[in-house]
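Here is what each chain is made of, one letter per residue.
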Amino acid sequence: MTDTKTTDFDAIVVGAGFAGIYMLHKLRNELGLRVRAFDRAGGVGGTWYWNRYPGAMSDVEGFVYRYSFDKELLQEWNWTTKYTPQKELLAYLEAVVAKHDLAKDIQLNTGIESAVFDESRGVWTVGTDTGETFTARYVVTALGPLSAANIPDIKGRERFQGRIVHTGAWPDDLTIDGKRVGVIGTGSTGTQFTCAAAKVVEHLTVFQRSPQYCVPSGHGPVTEEYVAQVRANYDSIWEQVRSSRVACGFEESDVPAMSVSEEERRRVFEENWQKGNGFRFMFGTFSDIATNPEANQAAAEFIRSKIREIVKDPETARKLTPTDFYAKRPICNPDYYETFNRDNVTLVSIKETPIKELTPKGVLTEDGVEHELDVLVFATGFDAVDGSYKRIDLRGRGGRTIREHWADGPTSYLGVATSGFPNLFMILGPNSAFSNLPPGIETQVEWITDLIRTAEENGTTVIEATQGAEDAWTQTCKEIADQTLFSKVDSWIFGANIPGKKHSVMFFFAGLAPYRQKLDEVAKSGYEGFDLQASPSLTPA
Ligand code: NA7
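Enquirer: What's the story with the site of the ligand in this structure? I'm lost.
Expert: Not every one of the 19 residues close to the ligand is listed here, only the nearest: Thr-186, Thr-189, Arg-209, Ser-210 and Arg-329. At 3.0 Å from an oxygen atom of the ligand is found a main-chain nitrogen or oxygen belonging to Ser-188. Tallied by class, the residues present in the shell around the ligand amount to seven nonpolar, nine polar and three charged.

Enquirer: Just checking my understanding: could you explain empty space enclosed by the protein for this structure?
Expert: Once rolled over the atoms, a probe with the size of a water molecule shows which space is left empty. Scanning the model with the defined rule gives four cavities of 30 Å³ or more in all. Here the largest cavity is characterised by a volume of approximately 70 Å³. Along the walls of the largest cavity sit Pro-211, Gln-212, Tyr-213, Asp-324, Phe-325, Tyr-326, Ala-327, Lys-328, Arg-329 and Pro-330, which together make up its complete lining.

Enquirer: Sorry if this is basic, but what is going on with the environment of Leu-320 here?
Expert: One can find Leu-320 in helix 11 (residues 314-320). According to the relative accessible area criterion, Leu-320 is buried, its value standing at 0%. For the pair Leu-320 and Gly-43, spaced 277 residues apart in sequence, the C-alpha separation works out to 38 Å. What Leu-320 contacts, discounting residues up to four positions off in sequence, is Gln-208, Pro-211, Gln-212, Ile-307, Val-311, Tyr-336, Tyr-337, Phe-340 and Leu-347.

Enquirer: What's the story with the environment of Tyr-389 in this structure? I'm lost.
Expert: On the secondary structure map, Tyr-389 appears in helix 13 (residues 387-390). A sequence separation of 244 residues divides Tyr-389 from Pro-145, and the C-alpha atoms of the two residues are 9.2 Å apart. Setting aside its immediate chain neighbours within four residues, Tyr-389 contacts Thr-141, Leu-143, Leu-394, Ile-402, Trp-406, Met-426, Ile-427 and Gly-429.

Enquirer: Looking at this model, I keep getting lost on the state of the cysteines. Mind explaining?
Expert: Within the structure shown, the criterion is met by zero disulfides. A disulfide-free cysteine, Cys-195 has its sulfur positioned 6.5 Å from the sulfur of Cys-214, the nearest such atom. A residue is classified by how much of its surface remains accessible, and Cys-195, at 3% relative accessible area, is buried. Free cysteine Cys-248: the closest other cysteine sulfur is in Cys-332, separated by 9.5 Å.

Enquirer: Looking at this structure, how should I read the packing of aromatic side chains?
Expert: When we look at a pair of aromatic rings, we describe it by the centre distance and by the angle of the planes. Enumeration according to the criterion identifies 43 aromatic pairs in this entry. Consider the rings of Trp-492 and Phe-507, whose centres lie 5.9 Å apart with planes at 75 degrees: the pair is edge-to-face. Taken together, the residues Trp-492 in the loop between helix 16 (467-482) and strand 21 (507-508) and Phe-507 in strand 21 connect sequence positions 15 residues apart. One aromatic cluster is present, formed by Phe-18, Tyr-22, Trp-48, Tyr-65, Tyr-67, Phe-69, Trp-77 and Tyr-92 through successive ring pairs.

Enquirer: I keep staring at unusual backbone geometry and nothing clicks. Help me out?
Expert: Peptide bonds are, in most cases, trans, and in most cases residues other than glycine have a negative phi. Its identity as a non-glycine residue notwithstanding, Ala-247 has a phi of 60 degrees, on the positive side. Take Ala-247: it is sitting in the loop between helix 7 (234-242) and helix 8 (262-275). Even without being glycine, Leu-428 reaches a positive phi, approximately 60 degrees. Residue placement: Leu-428 occurs in the loop between strand 18 (424-426) and strand 19 (432-433). You can call Leu-428 buried: its relative accessible area is 10%.

Enquirer: Got a minute to help me understand the sheet that holds strand 15 (residues 370-372) in this structure?
Expert: Hydrogen bonds between backbone groups are what pair the strands of a sheet, and the pairing can be parallel or antiparallel. Spatial ordering of the open sheet is given by 13-14-15, a layout of three strands whose pairing is antiparallel. Among the strands making up the open sheet, the edge pair consists of strand 13 (355-358) and strand 15. Here the strands of the sheet are splayed against their neighbours by 25 degrees on average, with no regard to which way each runs. The pairing of strand 14 (residues 362-365) with strand 15 spans three bridges and is classified as antiparallel. Paired with Val-363 across the strands is His-371, a residue of strand 15.

Enquirer: Would you mind going over the sheet that holds strand 12 (residues 345-349) with me for this structure?
Expert: Strand order across the open sheet formed by five strands is 7-16-8-9-12, with parallel pairing between neighbours. The strands lining the two open edges of the sheet, one partner per strand, are strand 7 (163-166) and strand 12. Going across the sheet, the axis of each strand differs from the next one's by a mean of 20 degrees, ignoring polarity. Of the strand pairs in this sheet, strand 7 and strand 16 (residues 375-378) are connected by four bridges, and their pairing is parallel. When the sheet's bridge partners are listed, Val-165 is paired in strand 16 with Val-377.

Enquirer: Just to check I follow, could you spell out the nonpolar core for this structure?
Expert: One recurring pattern in soluble globular proteins is that nonpolar side chains are buried together. Core analysis: the biggest nonpolar cluster contains 135 residues, and Phe-193, Leu-204, Tyr-326, Ile-427 and Phe-530 have the highest contact counts within it. It is helix 10 (residues 293-310) that provides the largest number of residues to this core, a total of eight residues. Filtering out sequence-adjacent residues up to four positions away, Ile-427 remains in contact with Ala-19, Met-23, Val-140, Thr-141, Ala-142, Tyr-389, Ile-441, Gln-444, Val-445 and Ile-448. Among the nonpolar cores identified, the runner-up in size contains 21 residues, and Phe-9, Ile-12, Phe-117 and Trp-124 belong to it.

Enquirer: Please clarify how the side chain of Asp-59 should be interpreted in this entry.
Expert: Along the chain, Asp-59 falls in the loop between helix 2 (47-50) and helix 3 (71-76). Engagement of the side chain of Asp-59 in a polar contact is seen with the side chain of Arg-329, the distance being 2.8 Å. The residues touching Asp-59, leaving out its near neighbours within four places in the chain, are Tyr-83, Ser-188, Gln-192, Asn-277, Arg-329, Pro-330, Ile-331 and Cys-332.

What counts, and where the lines are drawn
Residues numbered from 1 in each chain as written. Predicted model: local features only at pLDDT ≥ 70, side-chain atom pairs only at ≥ 80, totals over all residues. Heavy atoms only, no water. Near = heavy atom within 4 Å. Polar contact = N/O pair within 3.5 Å; in protein donor to acceptor, adjacent residues only side chain to side chain. Nonpolar A, V, L, I, M, F, W, Y, C, P; charged D, E, K, R; others polar. 1 Å grid on protein atoms, 1.4 Å probe; cavity = no way out; pocket = protein on both sides within 12 Å on 5 of 7 lines; lining within 4 Å. Points joined across faces, edges and corners; volume = space filled by probe spheres on them. Helix = DSSP H or I, 4+ residues; strand = E, 2+ residues; numbered from the N terminus. Buried < 20%, exposed > 50% of the residue type's maximum accessible area, 1.4 Å probe, protein only. Contact = heavy atoms within 4.5 Å. Disulfide = S-S within 2.5 Å. Phe/Tyr/Trp six-rings, centres within 6.5 Å; stacked < 30°, edge-to-face > 60°. Pairing = 2+ DSSP bridges. Axes fitted to C-alpha atoms, helices over the stretch in contact; angles between N-to-C directions. Core = buried A, V, L, I, M, F, W, Y, C linked by side-chain atoms within 4.5 Å.

Structural data, given as structure tokens:
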């Protein structure tokens, strides 16, 4: 039988971002467990601790990019702009930690290097990069699906005499004002950086591999009346968020794009272009932009027509214009295409003129041009979802590693558990809902809390997803993804951005509301798909 007194903690939480902070709060303050959270960073905040690059902000509207659980904080926390910049998000998360007295149970500057399950005792042993070892009955991984940086292996990196940085580890001492800066990557990070950097640098060179569909964000100040109105309506706002798919705080359309006239389609696209927001443009205009090729084409063509209108130099406009499906994670910015009209911004299509190597002075492209730079910024994204797991020596039953378990691509049951790794719970694990993340995180944290509470009450010591349930969930996610156009385009969402990474489904694309319903059904059924065992039998059924 597991003797809880022999473990250092009841639960260990890995990560202190949005997910880890809330998990610690629930397990310690609500269930009364002995918990410690760890983070390799020098502060809390996760994504919002690390991503300090110029222009970093959430591109989901601020009023729903936050926790809903603390009603007092919803009424007290003030905001002045539509989207929340990184600094404010970090201050917000720090305030949550302070308010709920969580800091004393968060060990910072401590990376988790290993987590090994001892089958005979039903206990996890966790090793840190500070040389410490801890044990716990439960481990919750709140690693962040976008935290393991992808840094392309470009020849000559060591020769470059300027500074090289990745946006996900932006150093505090680095300023780009008045400098010659290059940026590789045009995802949501690269485009945010481009818009912000162009306004302060001497010269910006954007190295673009794939052109990007980008819509306006509509960013700007909000009035006190707006804030008051949001606060007065928070209950119904969260209800709407939880019963929607992408959970971004707007009404999602149920009108198929081709069911209306061309003129009406253009009117709707224009109206939403003016309102701003990437998710709104993809999911608030028509119901089938992400699923029907014809509808997708209409949206894509609308954006392409805007590029032609906005960008003055026809050659630059041509290079900026995407031709594939509009089916990557939708992005928005205040003035992305307009930025390329500036005299101090150059666009280099590295599909047409690939990067040959870095030189001491900058980037040499295949056409023989040397782009001289003081700073080179990698906005090249992350080894998403399973990348942050593969960095840890994570071993479940029989010493099997997570790398072995996920050799054919990352899988899970419901995004929260994986077979062979008992009492390990993931937040935003593979095949979690594709949605605005804070409501998705709250959904999983609350569900995991209920599961652990039930186990504690019933004397269950081993909670383990069955392989059958995991296979079925993987298949469901695959079938749904196959119905979307997302699966037809290469992006991090399917692991396509990492050389050699297997193309695999990593999200439940039906969205948050159906996901919550499924979680609810599983809980009500007594946690169907999990083996729940009381000791002493610790081997799987
Ligand atoms: P993304 O969306 O993965 O974007 C990375 C960008 O970097 C993208 O434009 C890539 O081009 C480019 N890239 C990646 N590898 C290379 C190499 N080797 N050479 C040149 N260019 C490269 O990452 P983000 O950080 O922008 O956003 C990730 C998520 O974080 C975002 O969706 C939000 O949810 C928050 P590609 O398009 O692959 O041709």
